[in-house]
Structures are given as C-alpha cells and as structure tokens.
Amino acid sequence: MERLETDPPLTPNSLLHVTMDEGSDGSEKEEENSNVNIDSFPDPRHHEKEDLSILQAVVFIEDAAKYRDIRHKIDRKALFIYRIYHCKPIEIFRTVVISVLHLLAFIEFPSSLTWTSDIRFRGDRITLPCGITEGIELLCLLLLLTDVCFKIYLIGKVEVLKKKWLIAAVLVLAFSLIDWMVTIGLSCTETKRFRRILRPFFLISNSNLMKKTVKCVQRTLPEVASVLLLLALHLYVFTLLGMLLFPTPRDINKPGNNSIEYYLMQNNSNSTTMTPISNTTQQPVVQEGHTYFRTISNAFMNLLVLLTTANNPDVMMPAYQNNRFYALYFIIFLLIGNYCFMNMFLAVIYNQFRGYFQTSMQASLLRRRVGVRAAYEVLKDRDLYTHVASSPVSGVAIETVKLVLEDVTLPKKVKMAISQDLSTRQMNQMDCLQNLQFQECFDLIVKESFTRHKPEIRWLSNPILRRIQRVIAHRGYNYFGNFVALINVIMISVELATQYDKSLNSSKSALNIVNFGFILYYLFEQTLKLAALGWKRYVYERWNIFDGITTVFLVILEIFSIAKYGLPLSRGGEVHDQLTLWNAVRIINILIMVRLFRIIPHIKAMSIVANTLVDLIKNLKAFAGILVVIYYSFAILGIELFHDAIKFQEKNETGTSLDYDCGTYQQLEYWANNFDDFAAAIVVLWDVMVVNNWSIFLAAYAKALSQWSYIYFIVWWLVSVIIVLQLFTALIIENFIMKWDRSSRYQEQSRNEDLANNSFNESLHYMSLHEMFRENLEEPSESVILQEIRDHKFLTLSISQS
C-alpha cells in the first residue's frame, strides 16, 4: 500500500507504519516518506484506502476466528477472492466434491450394486458403461485442481514452497490425472487403478483438525514402534517356548502315516500293538502341538490371535485337559501381552496425543493472536491516515471497530457480544481501544458457549399459590419426579418379565392400567411446572423441554389408545392381538423408559459421562475422518489384493458334496464376507477390527492365496485397533478429566446453592478440542506476535523503539 502525497507525516513517536503490496507478483514496494501539510486537501483515493484497510482488518479477524494463517495476499482483488474461497457455500461445495469422488468406489468396477455380497447368490453386477464414472471423476479432479490453483494464487509463489500439504496435493492430482488418462486409453479394461487409494488425501487436506491428527499419529509412531518391538519379542519368545512345551509329531507330512498315531507308536516301540490315542496321557499335548504349534508361523499367528482373546480358551484346551499347569503358559502370555503391552500402547498414545495437541493448539492460539494484532495495526494506521487518531499511541477508534464488525463473518452471538462490549466501553467515556483492549474485545471469539441468564420466576401475590410455586421450583420436586419415573420403569420390567404376551397383546392388561396412571401423573407434573415457573423459566432448562415433549407424545398415544380400545379400567370388551394395539403399547413403554434419562443431570458422575459422550460425537469430525481414510485406503488395497480370491465350490470333482472342517470360513458360511467389491470390503475390515473370529479370515485368505496375506490383516489390526481406536480412547479420557476438574472447581468456587447448580451446568457445555487445551496454553509474547507479522511478505512493518 503506497503512501499518497497527501498522507500525514509520521511523527517521531510513531511506533509503526504499514505498507501493503497490491501487486500480484509478491514483491515488496519501497515506502515513500514525504512531509506534507496535514490540512491539505485529501486525494480522491483517500476513501479507497480507508475501504481497503477495513477489508484487510475484516479478513484478519476472520482468519483469527478460524485459526487461519494470515500470510496471504492482501490487495483488494485477492481479498475479494479469499473471502469467497473461505465462505460457507464454497466450503460445503468443496466437501461435496470430495465426498462424490470417494463415493465413486461403490459404483466403479467392481461395482457394489448387488442386493447381496454373498458369492453364492450375488448374481451379475450392475456395471456402468465406460466413461460415466470416469467423467464424474475427471470433473471432481478438475474442480480440486482449480481449488489448488486458487490456493497457490492467494498465498503467493514464495509461500507455496513452505506448504507441504499443498505441494503434495499438486503431486497427487498430477498422478491421478495421468492414471485417469491410462484408464481412458485402455477403454476402462484395466482393473488396477492406483489413483483410488490416494483419494483419502483430499479428505485429510480439507480439514485442519484431520491434518493435526495425522501429524499426531506420525509423531506417535516412534514410541509405538518401540512398544511394538517389545511385543514382537514377547510373541517370538512365547512362540519358541510353546513349540518346545507342545512338541509337534515327527514326520507330520510323511505319506501313509497318521501323524499322531505314528508319533505314539514310535514312543511305544516295545509294545506289539499301537496304544490307542484315547488311552495315552500324551495325546492332548501332541494334539496341542499338532493343531496350534505345528510351525513357527502357525504358532506365531495363533498367539497373535490369542493376544486379542479371539481364540481364548480354545487354543489352550488340548493341553489344559492333560495337565492344569499348562494353563500357566497361556495365562502368563496374556498377562504380559494383553494387560501390560496393550495398556502401554494406550499410555504412549495418550501421552503423545496430549503433548502434540497441546503444542498444536498453542500454535493455533498464536495464529489467532497474530490475526487480531494485524487487524489492530491496520486499523490504527488507517485512523492515523484519516486523522481520526492524533498519534499512534491513541489506538483504534471504537467507531472504526464497529465498521469492521459490520462486515466480518462471525457467529451472531459473538457479534452481539462484541457489539455490547463496545457499547459499554463507549458509555464509560472510552473512544479508542489500545492493543490489549482491542484483543480483550475480540477474545469473545474464543467463547464457544455463552452464559444463559436464568429468567426470574414471576411470583404470585396469593400466599398459598406462592408456596406452591416454591415447592415446584425446589429441586426436591424434580427428585420426586425422577423417583416416580424410576418406579414406572421397574413396574414395566416386572410386568414384561411375568406377563409378556398379555402385557403387549391385551388392551386391559395390568401394564396398560399402570402406564395410564403414570401418564396422568406426568401430565399433571408438567402442567404444574409450566404454570408455576412460567414459559421462559420452563424452557430455560433443556431437560424440561425433553420432559415436556416426551409427555406430549405419551398423552397423544394414550388418547389414541383410549379412543380405539377404551379406558384400561373400563368394563368394556377386551381387545387381543391387534397389530395396532401391539405397536401402540410398545411405543408407550419405550417413551416411558426414554423419559428415565431425565435423571442424568441430577447425578454428577452420570452427567459428566453423558456430556463427554455428546462432546465426543461433536468432536468426532476429525477422528471419524481418520477412520474413513484408513477404511477407504485398506478397502481399496484389499480389493486389489484379494478380489475373487475365494471361490464357492459346492461339490468336488467326483460330484459329491464337500464337507468342510468345523470353524472354517466355508463351514461357518462366511461367503458374504469378501473383498469382491468396496462395500463388502468395508464390512470385512469392520469384522477384523472387532477381532472376534478374525482368525477365520486370516486362515481363509492364507489358504486361498498364501501366508503373505497375514501381513495385510496384521497391519490393519495395528493401524485400526492399536493406533486409531486408542486415539479415540485418549480423546475420551482427556475430555472426561477436563469436565470433571472443571465441574469440581466451579462447585468449590460457588458457595450459594443456586449458583453452584448453575456453575455445574455451565461447566458441562460443549468443549471443542481447542477449548479442552485452552487452560493449559501460554499467552504468546508480543515480540513473537510482531515477528510473525514482520514475516508477512505482503505486510511490512517498520518499528521504532521508543
């Protein structure tokens, strides 16, 4: 931004002045200092400079609100494009494009468009002609390429080289477009489309929290690798120990000899006849070795599965049947592996999660402070330029801040809070804001929930009615209501346990009579509460809204039931076995049981747990995105490796039916679990992540292809169960600890009973990841903030020490 000939002179007391480059090449322009008369007539470009300064401040505040880096172009054209690029509709459109690109996996070859994934009944797939999915994919890739080009334009060529994610996006897009051309060149006949496995990159690069999570996982890997090495050593030692404890029969592959019988015959060579297997005490030990410790790879995999308890206690039963002391081997193995090493993984990941995310949130706080400070400096320079401020120490005029507030895109509640704060300062005879005051004003951006003021109860003049109001407003009234709801649920449980059929199929059952009485009480309870508290105070408590809505539905269903079948206590005809009656009774009982959730806010531990779960769902965006990424990548890789690997064969070559071994993939009829299409692959990965019976998939694909297939499933187990799910657990632990500590601290600080309850409720509001770590963050120093602003290639500051 060039200084004009009519600009006011910079006094020796000036702390800084700003030069903003409006060029597109990213080069810095020399500042021109000239002494001019303050009273000279203003240049026509004066108003344009004012508008640009306001626009720059608006963008910097928006960057601060979203924790974005301010190092981008700040000329008028670039800022106009920048605001459009980051507006909500464009962000939604970008998310839709990325989602469509990922959803193509369901209709691309091999298509998931079949009613079932069972290879016995699947039939022919619906296959789209060549060019349809490829055309949609090309459109998505071109839109993403356009998105990257805009990013490069907005941040400038110099900053691009510092953005590793942006460089990676260019490379991924280039590879994807080349691979797409190969597909079109081969008329869609090639089945190995390597670009599909790279699609999740766009999902990660579109979310800052997901990028933080990926970096957290990346930094966790060295510590996880050290524990993994110890775990591998543990498995290897017990593998060798198991092969020595449970010997494998010799000549196991010798033709014409039953291995176990041959082994026993050799050990009874002095006998003229072979000892029957059932009469020897060595048989279970031999069976253990033959079944689970036949080879090193076989023993290692069985112990790995045992580590997840998926084959416990099956793996130890042959030996345990022979000698109870053999159980010690398996117990010690699980104690060390499952209860020590697996929990050690959680400790390592939680420690790294907390450490990295705190560091990352510290960097986010710095970006926010830099954005607010840059806005302050730009506005201060603007006020000096327009003679609103007499000197740099005067700060920024509140009226100027209000101009910024009008254009800035912030949540409505935040803008209202900032506007009220500015109005309060003006009422206190304050016309300008200094740096710290400006920062305090925009610190309201940080607030993700605002204290709700509890409306006052309008007390009635009649002493008796006022006393009734006090009784209803007392928390004991809620406790009594909770007790009644609990009794209702207990009676439902008793009736369903003793008279299940009659309770659900009869209009005059004891269950219907009991529920009728309780619903009348619920209606009376909520009516009294609404009348005594008033509408505003009633809806202030969200659990009152929950109670009210549930009660309304219960009353409507009960009215419908009475209108159709009569009162439960009437002597009219009893109705049995009607589908409508059955559904109505079920829905009524379900709503009554759901209504029991009203006890949650009255029990501290339960309330914190429930709010932690709610926060987990709200914070799930980044972590669920990581799950989607690993599921998508491993599903595509699984299709490439195991597509059509398992074949269904009903009869053998002689025409007789096949008898499969007990507990195998074929005998359990797992035919629908395969990697023949994307949707089926997702289900298989889920089954393996749950680890129940995952050994069946290991054995099936090892037999169909080779034992090298073990690597795929082991890596999936490590990534999904050991790393990602432990990351979820770390988030739950941190959120719970934060909420518990905060609620305890608020309750200690509040002596008054009503204040304590209100503080406890306020302490349970939604906590984002930023808010979880905010109390442990350090405020960045002014020198660090100013240095970040100095490093801005399009915003040059000259600071003189006073």
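Just so we're clear, the structure is a prediction, and the values are computed from it rather than from any experiment. Numbers given to residues run from 1 along each chain, matching the order in which its sequence is written. Residues qualify for local features only when their pLDDT is at least 70, as the model is predicted, and side-chain atom pairs are given and counted only at 80 or more; totals for whole chains, interfaces and linings, by contrast, use all residues. Hydrogens are left out, water is left out, and the side-chain values use all remaining heavy atoms of the structure.

Any chance you could explain the overall build of the chain here in plain terms?
The number of helices and strands found in the chain is 30 helices and four strands. In what follows, residue pairs with any heavy atoms lying within 4.5 Å of each other are defined as contacts. Within the chain, residue pairs in contact and separated by at least 24 positions form 76% of the contacts whose partners lie at least 6 positions apart. Runs of H or I in DSSP of at least four residues are treated as helices and runs of E of at least two as strands, each being numbered from the N terminus.

Help me understand empty space enclosed by the protein in this model?
In this approach the atoms are scanned with a rolling probe the size of a water molecule, which exposes any empty space left behind. Site definitions follow a grid-based scheme: protein atoms alone, a 1 Å grid, a 1.4 Å probe that fits but cannot get out for cavities, and for pockets an open set with protein on both sides within 12 Å along at least five of seven lines, plus lining residues having an atom within 4 Å of a point. Grid points are joined across faces, edges and corners, and a volume is the space filled by probe spheres set on the points. Applying the stated criterion across every chain, the model contains two cavities of 30 Å³ or more. There is about 110 Å³ of room inside the largest cavity. Around the largest cavity sit 13 residues that line it, and Asn512, Glu558, Ser561, Pro568 and Ile588 are the ones nearest its centre. Mapped onto the lining of the largest cavity, the elements with two or more residues apiece are α19 (510-533), α21 (542-565) and α22 (579-595). Across the lining of the largest cavity, the residue classes tally to six nonpolar, six polar and one charged. By the convention adopted, Pro, Cys, Tyr, Trp, Phe, Met, Ile, Leu, Val and Ala count as nonpolar, Lys, Arg, Asp and Glu as charged, and the other residues, Gly among them, as polar.

So what exactly am I meant to see when it comes to the nonpolar core here?
If you look at soluble globular proteins, the nonpolar side chains tend to sit buried side by side. Core analysis: the biggest nonpolar cluster contains 88 residues, and Phe675, Trp694, Phe713 and Trp717 have the highest contact counts within it. Listed by contribution, the elements that provide at least two residues to this core are α7 (208-245), α10 (296-307), α12 (327-385), α24 (620-642), α25 (678-690), α26 (694-704) and α27 (709-749). Residue contributions to this core peak at 15 residues, all from α12. For tryptophan 694, the residues in contact, after removing those within four places along its chain, are Leu304, Val305, Thr308, Ala310, Val688, Phe713 and Trp717. Residues belong to a common nonpolar core when they are buried Ala, Val, Leu, Ile, Met, Phe, Trp, Tyr or Cys residues joined through side-chain atoms within 4.5 Å. Exposure is judged per residue with a 1.4 Å probe applied to protein chains only, and the accessible area is read against the type maximum: over 50% gives exposed, under 20% gives buried, and values in between give partly exposed.

For this particular structure, what's the right way to read the state of the cysteines?
Two cysteines joined by a covalent bond between their sulfur atoms form a disulfide. By disulfide we mean two sulfur atoms from cysteines, separated by a distance within 2.5 Å. Under the criterion given, the structure shown has one disulfide. Covalent S-S linkage joins cysteine 130 and cysteine 188, the inter-sulfur distance amounting to 1.9 Å. Around the S-S axis, the bridge from cysteine 130 to cysteine 188 shows a dihedral of about 60° and counts as right-handed. In this pair, cysteine 130 is assigned in the loop between α3 (88-103) and α4 (132-160) and cysteine 188 in the loop between α5 (164-185) and α6 (200-205), connecting sequence segments 58 residues apart.

How do you make sense of the pattern of salt bridges when you look at a structure like this?
For side chains of opposite charge, pairing can occur when their charged atoms come near one another. A side-chain nitrogen of Lys or Arg and a carboxyl oxygen of Asp or Glu constitute a salt bridge if their distance falls within 4 Å. This structure, assessed with the given rule, holds 24 salt bridges. For glutamate 779, the salt bridge is made with arginine 369, and the minimal N-O distance between the two is 2.2 Å. Taken together, the residues span a long stretch of sequence, with glutamate 779 in the loop between α29 (769-774) and α30 (782-790) and arginine 369 in helix α12 at a distance of 410 residues. On the basis of relative accessibility, which here comes to 46%, the residue glutamate 779 falls in the partly exposed class. In this structure, arginine 425 and aspartate 421 form a salt bridge, with 2.9 Å as the shortest nitrogen-oxygen distance.

Got a minute to help me understand unusual backbone geometry in this structure?
Most peptide bonds take the trans form, and the phi angle of most residues other than glycine is negative. In this structure, proline 110 follows phenylalanine 109 across a cis peptide bond, with omega equal to -5°. The amide bond that connects asparagine 312 to the next residue, proline 313, takes the cis arrangement and shows omega of 5°. Within the secondary structure, proline 313 sits in the loop between α10 and α11 (317-322). Notably, aspartate 644 is not glycine yet its phi reads approximately 60°, a positive angle. Position of aspartate 644 relative to the elements: it lies in the loop between α24 and α25.

Explain the packing of α19 against α21 to me, please; I cannot follow it from the model alone.
Between α19 and α21, the least distance of the axes is 10 Å, while the angle of their chain directions is 135°. Relative to α21, the element α19 lies oblique. The crossing of α19 and α21 is left-handed. The segment α19 lies against α21, with Phe516, Ile519, Tyr522, Leu523, Gln526, Lys529 and Leu533 engaging Asn544, Asp547, Gly548, Thr551, Leu554, Val555, Glu558 and Ile562. Tallied by class, the residues present in the contact of α19 with α21 amount to eight nonpolar, four polar and three charged. Interaxial angle, 0 to 180 degrees, is taken between N-to-C directions of lines fitted to C-alpha atoms, where a helix line uses only the stretch in contact. An angle below 35 degrees is read as roughly parallel, one above 145 as roughly antiparallel, one from 65 to 115 as roughly perpendicular, and any other as oblique. Here a crossing is called left-handed whenever its near helix is offset anticlockwise from the far helix by less than a right angle, and right-handed whenever the offset is clockwise.

I would appreciate a short explanation of helix α15 (residues 435-442) in the present structure.
Every α-helix carries 3.6 residues per turn, so stepping three or four residues along brings you back to the same face. Turning to α15, its buried residues are Asn435, Phe438, Gln439, Cys441 and Phe442. For α15, the arc enclosing every buried residue in end-on projection is 160°, short of the 170-degree limit, so these residues lie on one face. Think of the arc as the fan of directions from the helix axis to the C-beta atoms.

Looking at this structure, I do not really get the side chain of glutamate 525. What am I missing?
Locating glutamate 525 in the fold gives a position in helix α19. When its relative accessible area of 0% is taken as the criterion, glutamate 525 is described as buried. Excluding residues within four positions of it along the chain, glutamate 525 makes contact with Tyr477, Gly481, Arg595 and Arg598.

Please clarify how the packing of aromatic side chains should be interpreted in this entry.
Here a pair means two rings of Phe, Tyr or Trp (six-membered ring of Trp) with centres within 6.5 Å. Their orientation is stacked below 30 degrees between planes, edge-to-face above 60, and tilted elsewhere. One pass over the full model with this rule turns up 36 aromatic pairs. Pairing phenylalanine 642 with tyrosine 701 gives two aromatic rings, centres 5.1 Å apart and planes at 50°, and the pair type is tilted. Of the two residues, phenylalanine 642 is situated in helix α24 and tyrosine 701 in helix α26; the sequence distance between them amounts to 59 residues. Look at phenylalanine 642 and you get buried, because its relative accessible area is 4%. Cation over ring: arginine 94 sits above tyrosine 85, and NZ or CZ is 4.4 Å from the ring centre. The rule for a charge over a ring is simple: NZ of Lys or CZ of Arg within 6 Å of the ring centre, and within 35 degrees of the ring normal.

For this particular structure, what's the right way to read a nonpolar patch on the surface?
A surface patch of nonpolar side chains, amounting to about 600 Å² of accessible area, comprises Ile92, Val96, Val100, Leu113, Ile126, Leu128, Ile132 and Ile136. Where the nonpolar patch is concerned, the elements lending two or more residues are α3 and α4. The element best represented in the nonpolar patch is α3, accounting for three residues. Relative to the helices and strands, isoleucine 92 is located in helix α3. The class for isoleucine 92 is partly exposed, based on a relative accessible area of 49%. Like-charged residues within 9 Å of one another, or nonpolar side chains (Val, Leu, Ile, Met, Phe, Trp, Tyr) within 5 Å, are grouped into patches, provided each residue has over 30% relative accessible area and no salt bridge. Method for areas: the Shrake-Rupley scheme with a 1.4 Å probe, in which residue coverage is limited to the protein chains shown.

Would you mind going over the layout of surface pockets with me for this structure?
Its volume calculated, the second largest pocket comes out at about 1,200 Å³. Lining the second largest pocket are 40 residues, and of these Gly663, Thr664, Ser695, Ala699 and Ala700 lie nearest its centre. Every element with two or more residues in the lining of the second largest pocket is listed here: α9 (283-292), α10 and α26. With seven residues, the top contributor of residues to the lining of the second largest pocket is α26. Considered class by class, the residues forming the lining of the second largest pocket number 19 nonpolar, 15 polar and six charged.

Would you take a moment to explain the confidence of the model for the chain for this structure?
Predicted coordinates in regions of low pLDDT should not be interpreted in detail. pLDDT gives the predictor's per-residue confidence on a scale running from 0 to 100. Averaged over every residue, the pLDDT of the chain is 79; residues scoring 70 or more account for 78%. The model gives residues 1-42 a pLDDT under 50, and that stretch makes 83 contacts with residues more than four places away or in other chains. Contacts of residues 252-282 to residues separated by more than four positions or lying in other chains number 30 contacts, the stretch itself having pLDDT below 50.

For this particular structure, what's the right way to read the environment of isoleucine 626?
With respect to the helices and strands, isoleucine 626 occurs in helix α24. In the structure, isoleucine 626 is positioned 413 residues away from threonine 213 in sequence and 7.8 Å away in space, judged by C-alpha atoms.

Mind showing me how you'd approach the packing of helix α14 (residues 412-427) against α15 here?
The description of two helices packed together rests on the angle between their axes and the distance between the axes. At their nearest, the axes of α14 and α15 sit 9 Å apart, and the two run at 140° to each other. From α14, Ile418, Asp421, Leu422 and Arg425 reach across to α15, where they touch Gln437, Glu440, Cys441 and Phe442. Residue composition of the contact of α14 with α15, grouped by class: four nonpolar, one polar and three charged.

I tried to follow the side chain of aspartate 547 on my own but got confused; where do I start?
In this fold, aspartate 547 is placed in helix α21. Residue classification places aspartate 547 among the buried positions, given a relative accessible area of 3%. Among all residues touching aspartate 547, those that are not within four sequence positions of it are Gln526, Arg595 and Arg598.

Looking at this model, I keep getting lost on the environment of leucine 637. Mind explaining?
With respect to the helices, strands and loops of the structure, leucine 637 is situated in helix α24. Owing to a relative accessible area of 32%, leucine 637 belongs among the partly exposed residues under this scheme. Sequence separation between leucine 637 and phenylalanine 675 is 38 residues, and the spatial gap between their C-alpha atoms is 9.5 Å. Residues in contact with leucine 637, not counting those within four places in the same chain, are Ile197 and Tyr712.

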